[in-house]
Amino acid sequence: MASSEQIELNAPHAPTEKAFEAFEVVERTIKTEILKSRRDWDKHEPRMWSRASSISDDDLVAFTIRGDLVECRSAPTSYGTIILGKIRLPAVRDEEGEGFIHVRIHDPPNRGTEDVLFHSLFTDEGNPDEDGRPTTWRAIQTLSTPLEFFNE
């Protein structure tokens, strides 16, 4: 499995046609994983998805890749390409502005986009206290949150 020390991501950029195609392969899975993540986090730490607390499941995942994938980064590995994407969640608009999720997918080598795989959603457990425990939880990012490598 890759780590941030082992890969070199390209600079953040607008999605290319190939990125749109890759994310469209796993769009349904991304939506399923968002809802699963929200349900799982709501059981033990509802602050993770708090920006969406008043939004229905249907509205939360009412995005399209072509309309809402706003930024990408990628890096080659020996086993394919890691692709990161920032996807707007149109239903999330609050005092922090628009809401975005960060998604990691994987495109294995030599087969086009039909074998693209969903890898993970970025859920940030940040700002550790003196005992190393997180004090903030965030699954929905802001536009200004950098799209960086994550391994979840």
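Predicted model only: the values in this text are computed from it and were never measured.

A.B. asks: Explanation requested: the overall build of the chain in the structure shown.
C.D. replies: Assigned secondary structure in the chain consists of four helices and six strands. Listed by position from the N terminus, the elements making up the chain come as α-α-α-α-β-β-β-β-β-β. Its C-alpha atoms give the chain a radius of gyration of 15 Å, within 12% of the compact-globule value 15 Å for 152 residues. Expressed as a percentage of contacts within the chain between residues at least 6 apart in sequence, the contacts between residues at least 24 apart total 64%. Carbon and sulfur atoms form 48% of the exposed surface of the chain, whose accessible area is close to 8,200 Å².

A.B. asks: Honestly, the nonpolar core in this entry has me stumped. Any pointers?
C.D. replies: One recurring pattern in soluble globular proteins is that nonpolar side chains are buried together. Membership of the largest hydrophobic core comes to 31 residues, with the highest contact counts inside it found for Phe23, Ile30, Ile34, Trp49, Leu60, Ile87 and Ile101. The residues contacting Ile101, other than those within four sequence positions of it, are Ile30, Ile34, Trp49, Gly85, Lys86, Ile87, Leu89, Leu121 and Ala139. Ile7, Leu9, Leu84 and Phe122 belong to the second largest nonpolar core, which has nine residues in total.

A.B. asks: Which parts of the structure should I look at to understand helix H1 (residues 17-25)?
C.D. replies: For the α-helix, the turn length of 3.6 residues means that residues three or four positions removed from each other point alike. Of all the positions in H1, only Ala19, Phe20, Ala22 and Phe23 are classed as buried. When H1 is viewed along its axis, its buried side chains cluster within an angular range of 165 degrees and face the same direction. Check the buried side of H1 and you find it contacts helix H2 (27-44), helix H4 (65-68), strand S1 (69-77), strand S2 (80-94) and strand S3 (97-107).

A.B. asks: Just to check I follow, could you spell out the pairing of S1 for this structure?
C.D. replies: Each regular strand shows side chains that alternate between the opposite faces of the sheet. As paired strands, S1 and S2 are joined by eight bridges and run antiparallel to one another. Residue pairing across strands places Pro76 opposite Thr81, the latter belonging to S2. The antiparallel pairing of S1 with S2 creates a hairpin that spans two residues between the two strands.

A.B. asks: I would appreciate a short explanation of the sheet that holds strand S4 (residues 117-121) in the present structure.
C.D. replies: Through backbone hydrogen bonds, the strands of a sheet pair up, either in parallel or in antiparallel fashion. Read across the open sheet, the four strands follow the order S1-S2-S3-S4; overall the sheet is antiparallel. Looking at the sheet topology across the chains shown, the edges are occupied by S1 and S4. Pairs of neighbouring strands in the sheet enclose a mean axial angle of 25 degrees, with direction left out of account. Taken together, the four bridges between S3 and S4 define a ladder with antiparallel strand orientation. For Arg104, the partnering residue across the bridge sits in S4 and is Ser120.

A.B. asks: Is there a simple way to think about the environment of Glu114 in this case?
C.D. replies: Structurally, Glu114 can be placed in the loop between S3 and S4. Sequence separation between Glu114 and Ala22 is 92 residues; the distance between their C-alpha atoms is 7.8 Å.

A.B. asks: Help me understand the packing of aromatic side chains, please; the structure alone is not making it clear to me.
C.D. replies: Any pair of aromatic rings gets described here by the distance separating the centres and the angle formed by the planes. Enumeration over the complete set of coordinates arrives at one aromatic pair. Summarising the aromatic geometry, the rings of Phe122 and Phe150 are spaced 5.3 Å apart at their centres and angled 40 degrees between planes, so their arrangement reads as tilted. Note that Phe122 is positioned in the loop between S4 and strand S5 (124-126) and Phe150 in the segment after strand S6 (136-138), a separation of 28 residues in sequence. Note on Phe122: relative accessible area 19%, which makes it buried. Its guanidinium or amino end placed over the ring of Phe63, Lys31 lies 4.9 Å from that ring's centre, counting from NZ or CZ. Above the plane of the ring of Phe100 lies Lys86, whose end atom (NZ or CZ) is 5.4 Å from the centre.

The rules behind these values
- Residues numbered from 1 in each chain as written.
- Predicted model: local features only at pLDDT ≥ 70, side-chain atom pairs only at ≥ 80, totals over all residues.
- Heavy atoms only, no water.
- Helix = DSSP H or I, 4+ residues; strand = E, 2+ residues; numbered from the N terminus.
- Rg over C-alpha atoms; globule rule 2.2 N^0.38 Å.
- Contact = heavy atoms within 4.5 Å.
- Areas by Shrake-Rupley, 256 points an atom, 1.4 Å probe, with all protein chains shown as cover.
- Core = buried A, V, L, I, M, F, W, Y, C linked by side-chain atoms within 4.5 Å.
- Buried < 20%, exposed > 50% of the residue type's maximum accessible area, 1.4 Å probe, protein only.
- Arc of directions from axis to C-beta.
- Pairing = 2+ DSSP bridges.
- Axes fitted to C-alpha atoms, helices over the stretch in contact; angles between N-to-C directions.
- Phe/Tyr/Trp six-rings, centres within 6.5 Å; stacked < 30°, edge-to-face > 60°.
- Lys NZ or Arg CZ within 6 Å of the ring centre and 35° of its normal.

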